[in-house]
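If you want the building blocks of each chain, they are given just below.
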Amino acid sequence: MNKKFIRAIFPGSFDPITNGHLDVIERGRKLFDELIIAIGRSPIKNPLFSPEERVEMITELIANMPRVSAESFDGLTVEYAKTKKADVILRGLRSLTDVQYEFKLAMTNRSVAGIETVFIMTSAEYGFTSSTLIREIASLGGDISNLIPQSIYNRLKKRTKGL
Ligand code: ADP
């Protein structure tokens, strides 16, 4: 039987990307033939990093991952998924709060666009890691070096200096 080629998008804000996101990417890329990390330009009002910076930061981190790429997109995730001919939306889950939110999102996306969402559970050590928390702790001078890649840590330190 011929196996269908499966293309997934992993949409999010990634402001900045964390080890939790990378964990989802590492495991997700083994499930799909192609994985596109899709950086939403619209969701957050005052991002710490511009969409272009986020694409650059992620592209560096996935340089050694074949069939994985990163780009930014405008507007609705389902519209973007259609233009990319994606079969699946990949999302990560950390907690029951995530489940509640993601459940609604996945149901809506399936009913409006017929697209399936596949979830990957976080690794226990990243269960509490979020970009929001990383930005907050970094701006207060806290140590978050074990929750984000070194390259992101360096950029974050520079960016949050004057905050
Ligand atoms: P969004 O604003 O769309 O939630 P994020 O960049 O915060 O964008 O997250 C993108 C996806 O990654 C979401 O599905 C989110 O649940 C998931 N995610 C974020 N942090 C983690 C983590 N530590 N472990 C697993 N999944 C995560």
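The rules we used
Residues numbered from 1 in each chain as written. Predicted model: local features only at pLDDT ≥ 70, side-chain atom pairs only at ≥ 80, totals over all residues. Heavy atoms only, no water. Pairing = 2+ DSSP bridges. Helix = DSSP H or I, 4+ residues; strand = E, 2+ residues; numbered from the N terminus. Axes fitted to C-alpha atoms, helices over the stretch in contact; angles between N-to-C directions. Buried < 20%, exposed > 50% of the residue type's maximum accessible area, 1.4 Å probe, protein only. Right-handed = clockwise from strand over helix to strand, strands pointing away. Arc of directions from axis to C-beta. Contact = heavy atoms within 4.5 Å. Near = heavy atom within 4 Å. Polar contact = N/O pair within 3.5 Å; in protein donor to acceptor, adjacent residues only side chain to side chain. 1 Å grid on protein atoms, 1.4 Å probe; cavity = no way out; pocket = protein on both sides within 12 Å on 5 of 7 lines; lining within 4 Å. Sits in = over half its atoms within 2 Å of the grid points. Salt bridge = Lys/Arg side-chain N within 4 Å of Asp/Glu carboxyl O. Parallel < 35°, antiparallel > 145°, perpendicular 65-115°, else oblique. Nonpolar A, V, L, I, M, F, W, Y, C, P; charged D, E, K, R; others polar.

Undergrad: Would you mind showing me how to read the sheet that holds strand 3 (residues 68-73) here?
TA: Strand pairing in a sheet is mediated by backbone hydrogen bonds. Such pairs are either parallel or antiparallel. Reading across from one edge, 3-2-1-4-5 is the order of the 5 strands in this open sheet, with parallel pairing throughout. At either margin of the open sheet sits one strand with a lone partner, and together these are strand 3 and strand 5 (116-121). Each adjacent strand pair in this sheet contributes to an overall mean axis angle of 30°, direction not counted. Bridge count between strand 1 (residues 7-12) and strand 4 (residues 88-93): 2 bridges; the pairing is parallel. Following the sheet pairing, Ala8 is matched in strand 4 by Val88.

Undergrad: Even after reading the chapter, I still don't get the pairing of strand 4, so can you show me in this structure?
TA: Successive residues of a regular strand alternate their side chains across the two faces of the sheet. With respect to burial, strand 4 is a largely interior element, 5 of its 6 residues being buried. Two elements, strand 4 and strand 5, share 6 bridges in a ladder whose sense is parallel. Bridge pairing in strand 5 links Gly92 to Ile120. Since strand 4 and strand 5 lie parallel, the crossover through helix 4 (residues 96-113) that links them has a hand, and here it is right-handed.

Undergrad: Hey, could you run me through helix 5 (residues 131-139) in this one?
TA: Because an α-helix packs 3.6 residues into every turn, residues spaced three or four apart end up facing the same way. Looking only at helix 5, the buried set comprises Ser131, Ile134 and Ala138. The arc that holds the buried residues of helix 5, viewed along the axis, is 60°, so those residues lie on one side. Its buried side turned inward, helix 5 meets helix 1 (19-28) and helix 6 (150-160). Just downstream of helix 5 lies Gly141, where phi reads positive at about 80°.

Undergrad: Looking at this structure, I do not really get the site of the ligand. What am I missing?
TA: In the vicinity of the ligand there are 17 residues, among which Ser13, Phe14, Gly92, Thr122 and Tyr126 approach most closely. One of the backbone N or O atoms of Phe14 is found 2.9 Å from an oxygen atom in the ligand. One of the side-chain N or O atoms of His21 is found 3.2 Å from an oxygen atom in the ligand. Put simply, the ligand lies in the largest pocket. Of all the secondary structure elements, the ones that give two or more residues to the shell around the ligand are strand 1, helix 1, strand 4 and helix 4.

Undergrad: Is there a simple way to think about the environment of Ser69 in this case?
TA: Looking at the element boundaries, Ser69 is found in strand 3. Its relative accessible area of 31% is what places Ser69 among the partly exposed residues. Remark: the alpha-carbon pair of Ser69 and Asn2, spanning 67 residues in sequence, is separated by 25 Å. Discounting residues that sit within four places of it in the chain, Ser69 has contacts with Leu35, Ile36, Ile37 and Ile62.

Undergrad: Whenever I open this one, the pattern of salt bridges confuses me. Can you help?
TA: For the structure on display, the rule yields 17 salt bridges. A salt bridge links Glu79 to Lys82; the nearest nitrogen and oxygen atoms lie 3.8 Å apart. Of this pair, Glu79 and Lys82 both sit in helix 3 (residues 77-83), 3 residues apart, roughly one helical turn. You can call Glu79 partly exposed: its relative accessible area is 41%.

Undergrad: Teacher, can you tell me more about the packing of helix 2 (residues 51-61) against helix 6 here?
TA: Between two packed helices, both the angle of their axes relative to each other and the distance between the axes serve to describe the pair. Viewed as axis vectors pointing N to C, helix 2 and helix 6 meet at an angle of 155°, and their least axial separation amounts to 10 Å. For the element pair helix 2 / helix 6, the angle class is roughly antiparallel. Residue-level contacts link Glu53, Glu56, Met57, Glu60 and Leu61 of helix 2 to Ser151, Ile152, Arg155 and Arg159 of helix 6. Across the contact of helix 2 with helix 6, the residue classes break down as 3 nonpolar, 1 polar and 5 charged.

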